[in-house]
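Residue-level structure breakdown
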Amino acid sequence: MVDIEHFITSLEHTPAILQNLLNYIPTDLYKLRRLENKWSIHEQVCHLVGAQAILMARFKKFETEEHPHIQSYIPDAKRPHDYYLQQNLEAALEAFPRLRSQLVTMLKGFDDSYWQKSGTHDAFTPYNTQLLLTHTLNVDHVHLFSIEQLGLTKPGLEAEIMTLP
């Protein structure tokens, strides 16, 4: 079995890693969309924080259902293109440690049998609680990497920036 505690500890540190990274990025870059059809730093952060509720619900679904089906995250098509830009970044950054702490506390409360549960997912196969945990950590990493790329890549090198979405 994988070392579940290692993954949970990594998740626990994301808010501090995010804040440290943001300390290096000029605030005038936060809302700048450096790449066409790609999110800004502000949007990356607000999405990461907003995704906490989705992730918690997925973990709880495994707790309450036998072999649950997890639907892919698809943003509401009616949502404005600047949905995350309209959100308050400071409030999101303030909420993130608390929301992540709630997730970590929940994860630490699961016993060994929880980490053996399987389910299905619209886009992934196989799918189980361990893969959901890995996916959650990967979501952190992809957004942290995107923020780093958007905030620290020198002007004029936009073609070198790698970011999702």
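Residues numbered from 1 in each chain as written. Predicted model: local features only at pLDDT ≥ 70, side-chain atom pairs only at ≥ 80, totals over all residues. Heavy atoms only, no water.

**So, the packing of aromatic side chains**
By convention here, two paired aromatic rings are described through the distance between centres and the angle between planes. Counting across every chain of the model gives 8 aromatic pairs. Centre to centre, the rings of tryptophan 39 and tyrosine 84 are 5.2 Å apart; their planes meet at 75°, and the pair counts as edge-to-face. Highlighted residues: tryptophan 39 in the loop between α1 (4–22) and α2 (41–64) and tyrosine 84 in the loop between β1 (69–70) and α3 (89–109), separated in sequence by 45 residues. With respect to burial, tryptophan 39 and tyrosine 84 carry one shared label: buried. Ring geometry for phenylalanine 124 versus tyrosine 127: centroids 6.2 Å apart, planes at 15°, classification stacked. For tyrosine 127, a relative accessible area of 4% puts it in the buried group. Through pairs of rings, three or more aromatic residues link up here, namely Phe59, Phe110, Tyr114 and Trp115. (Phe/Tyr/Trp six-rings, centres within 6.5 Å; stacked < 30°, edge-to-face > 60°. Helix = DSSP H or I, 4+ residues; strand = E, 2+ residues; numbered from the N terminus. Buried < 20%, exposed > 50% of the residue type's maximum accessible area, 1.4 Å probe, protein only.)

**Observations regarding the sheet that holds strand β3 (residues 127–128)**
Strand pairs in the sheet, formed through backbone hydrogen bonds, run parallel or antiparallel to each other. Read from one edge of the open sheet, 3 strands run β1-β2-β3, paired in mixed fashion. Pairing within the sheet leaves two strands with one partner each, and these edge strands are β1 and β3. Pairing of β1 with strand β2 (residues 118–121) involves 2 bridges; the strand directions are parallel. Bridge assignment links histidine 69 to a residue of β2, and that residue is threonine 120. (Pairing = 2+ DSSP bridges.)

**Overview of the pattern of salt bridges**
Inspection of the entire model under this criterion finds 4 salt bridges. With a closest N to O distance of 2.4 Å, arginine 33 and glutamate 43 form a salt bridge. Taken together, the positions of arginine 33 in the loop between α1 and α2 and glutamate 43 in helix α2 put the pair 10 residues apart, joining distant regions of the chain. Under the relative-accessibility criterion, arginine 33 is labelled partly exposed at 31%. A salt bridge links arginine 100 to aspartate 140; its shortest N-O distance comes to 2.7 Å. Taken as a pair, arginine 100 in helix α3 and aspartate 140 in helix α4 (residues 129–152) lie far apart in primary sequence, 40 residues in all. Judged by its relative accessible area of 1%, arginine 100 falls in the buried class. (Salt bridge = Lys/Arg side-chain N within 4 Å of Asp/Glu carboxyl O.)

**Overview of the layout of surface pockets**
Counted as a void, the largest pocket has a volume near 430 Å³. If you trace the largest pocket, you find 18 residues lining it, with His47, Tyr73, His135, Val139 and His143 closest to the centre. Listed by contribution, the elements that provide at least two residues to the lining of the largest pocket are α2 and α4. With 5 residues, α2 is the single largest residue contributor to the lining of the largest pocket. Class assignment for the residues of the lining of the largest pocket results in 12 nonpolar, 5 polar and 1 charged. (1 Å grid on protein atoms, 1.4 Å probe; cavity = no way out; pocket = protein on both sides within 12 Å on 5 of 7 lines; lining within 4 Å. Points joined across faces, edges and corners; volume = space filled by probe spheres on them. Nonpolar A, V, L, I, M, F, W, Y, C, P; charged D, E, K, R; others polar.)

**Some remarks on the pairing of β2**
Burial of β2 is one-sided: the residues Gly119 and His121 facing one way are buried, the residues Ser118 and Thr120 facing the other way are not. With α3 bridging β1 and its parallel neighbour β2, the resulting β-α-β unit is right-handed. Across 2 bridges, the pairing between β2 and β3 is antiparallel. Its bridge partner lying in β3, serine 118 is registered against asparagine 128. Here β2 hands over to β3 after 5 residues, the two strands then running antiparallel side by side. (Right-handed = clockwise from strand over helix to strand, strands pointing away.)

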